[in-house]
Amino acid sequence: MTEATPLDHRIRSDIAHNARVWNHWLGGKDNYPVDRAVGDQVSGMYPSIGEVARADRAFLGRAVRYLAGDVGIGQFLDIGTGLPTAGNTHEVAQHTAPGSRVVYVDNDPIVLTHARALLTSSPEGATEYIDADARHPEEILRAAEPTLDLRKPVAVMLLGVLNFVLDTAEAQRIVRTLMAAMPSGSHLVLTHPTLELGGEGNEAAMRFWNENATPPITARSRADFAAFLTGLERVEPGIVSCARWRAEPGAVEVAQFGAVARKP
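Scope of this entry: the structure provided in the associated data block. Keep in mind it's a predicted model, so treat the numbers as computed, not measured. (Residues numbered from 1 in each chain as written. Predicted model: local features only at pLDDT ≥ 70, side-chain atom pairs only at ≥ 80, totals over all residues. Heavy atoms only, no water.)

## Some points on the overall build of the protein
Put simply, the test is: Per the convention used, a helix needs a DSSP run of H or I reaching at least four residues, while a strand needs a run of E reaching at least two, with both numbered from the N terminus. For a compact globule the rule gives 2.2 Å times the number of residues to the power 0.38, and the radius of gyration it is set against comes from C-alpha atoms. Here the open area of atoms and residues is found with the Shrake-Rupley method and a 1.4 Å probe, where only the protein chains shown may cover a residue. For the purpose of counting charges, residues Lys and Arg are taken to be positive, whereas Asp and Glu are taken to be negative. His and the chain ends are not included. Just so you know, the charge point we use is NZ for Lys, CZ for Arg, CG for Asp and CD for Glu.
From N to C terminus, the protein includes 10 helices and 10 strands. Rg of the C-alpha trace for the protein: 17 Å, near the compact-globule value of 18 Å for 264 residues, within the 12% margin. As displayed, the protein offers around 11200 Å² of accessible surface, 51% of which is attributable to carbon and sulfur atoms. Positive and negative side-chain charges of the protein, numbering 25 and 32 respectively, have mean locations separated by a distance of 3 Å.

## A short note on the environment of Leu 148
Put simply, the rule is: In what follows, a contact means two residues having at least one pair of non-hydrogen atoms within 4.5 Å.
Inspection of the secondary structure assignment puts Leu 148 in the loop between helix 7 (137–144) and strand 5 (155–159). It is 6.8 Å that separates the C-alpha atoms of Leu 148 and Arg 101, two residues lying 47 residues apart in sequence. Those residues in contact with Leu 148 that sit more than four places away from it in its chain are Gln 75, Phe 76, Leu 77, Arg 101, Val 103 and Val 154.

## A short note on the side chain of His 90
The criterion, for reference: Exposure classes here rest on a 1.4 Å probe applied to the protein chains alone. A residue is buried below 20% of its type maximum, exposed above 50%, and partly exposed in between. We call two N or O atoms a polar contact when they sit within 3.5 Å, provided that within protein one can donate a hydrogen and the other can accept it, with sequence-adjacent residues counted only if both atoms are side-chain atoms.
On the secondary structure map, His 90 appears in helix 4 (residues 89–96). The class for His 90 is buried, based on a relative accessible area of 2%. Within the local environment of His 90, its side chain forms a polar contact with the side chain of Thr 120, the two groups lying 3.0 Å apart. Not counting residues up to four positions away in its chain, the partners in contact with His 90 are His 95, Val 102, Tyr 104, Ala 117, Leu 118, Thr 120 and Thr 127.

## Side note on the packing of helix 7 against helix 8 (residues 168–180)
Applicable threshold: An axis is simply a line fitted to the C-alpha atoms; with a helix, the fit covers only the stretch in contact. Between two such axes, the angle follows the N-to-C directions and lies from 0 to 180 degrees. Reported orientations rely on four angle classes, namely roughly parallel under 35 degrees, roughly antiparallel over 145, roughly perpendicular from 65 to 115, and oblique for the rest. If you view the pair so one helix is near and one far, a crossing is left-handed when the near helix is turned anticlockwise from the far one by less than a right angle, and right-handed when it is turned clockwise.
The interhelical angle for the contact between helix 7 and helix 8, taken along N-to-C directions, is 30°, at an axis separation of 9 Å. Here helix 8 runs roughly parallel to helix 7, going by the angle between their axes. Relative to helix 8, helix 7 is oriented so that their crossing is right-handed. Of the residues in helix 8, those in contact with Pro 137, Glu 138 and Leu 141 of helix 7 are Arg 173, Ile 174, Thr 177 and Leu 178.

## Thoughts on unusual backbone geometry
Residue Pro 215 follows Thr 214 across a cis peptide bond; omega there is -10°. One can find Pro 215 in the loop between strand 7 (213–214) and helix 10 (222–227). Cis geometry is found at the peptide bond from Glu 236 to Pro 237, where omega equals 10°. Non-glycine residue Arg 246 carries a positive phi angle of around 50°. With respect to the element layout, Arg 246 can be found in the loop between strand 9 (240–241) and strand 10 (256–262).

Laid out in structure tokens, this is it:
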């Protein structure tokens, strides 16, 4: 782990935490024995979880390259950042468009201790980190404005985040509030686990997670996922497994929906 920060009192090493377990599944080292134990138990119950984690990360790269390159969006609001790893949003965006401006948002103290790894930038662009909860989108929007110009299109990224908001109405409110503040031409980038797409075996693993780790998680159906995109124009190929969104032919499907949608 990195050196301590004033927020280390919020970090618990006696219970598994999503950001650290996800880091373990991606092959990282920023995790504790309890994270590896729970992560390995989940992997034993649902062996494809590692593929889900890798597919979600690869989807991020393809979506950001598409938005920064083909669409020409130069601003990204990445909520639920997670621990830094290869191919972070600002790295992908600024490799494609060096002037890209990226704001990361997370309320995990472990992520905060690593935030300086995210606060690198091309000379032409900018990055910022906000310690905030996705459940408070108004706070996020206020804090993002010094870095992002909300009069110009923004890519709002919620990858594997809304599954930690157990109440569907609240999750929908978060998306509506964020996108209502964005101008025409902004995009929503979304992934979410599901018990569809071959994910039925994940149900027992999710129950185990909710009994042994934090924060609790929920899966959602295609219909629930589609509701998050209400009022937005889906970018082809629409709602698919995140592993297959604009991927090479033959990509293996994982039980994680992925979509990119444009605000008209």
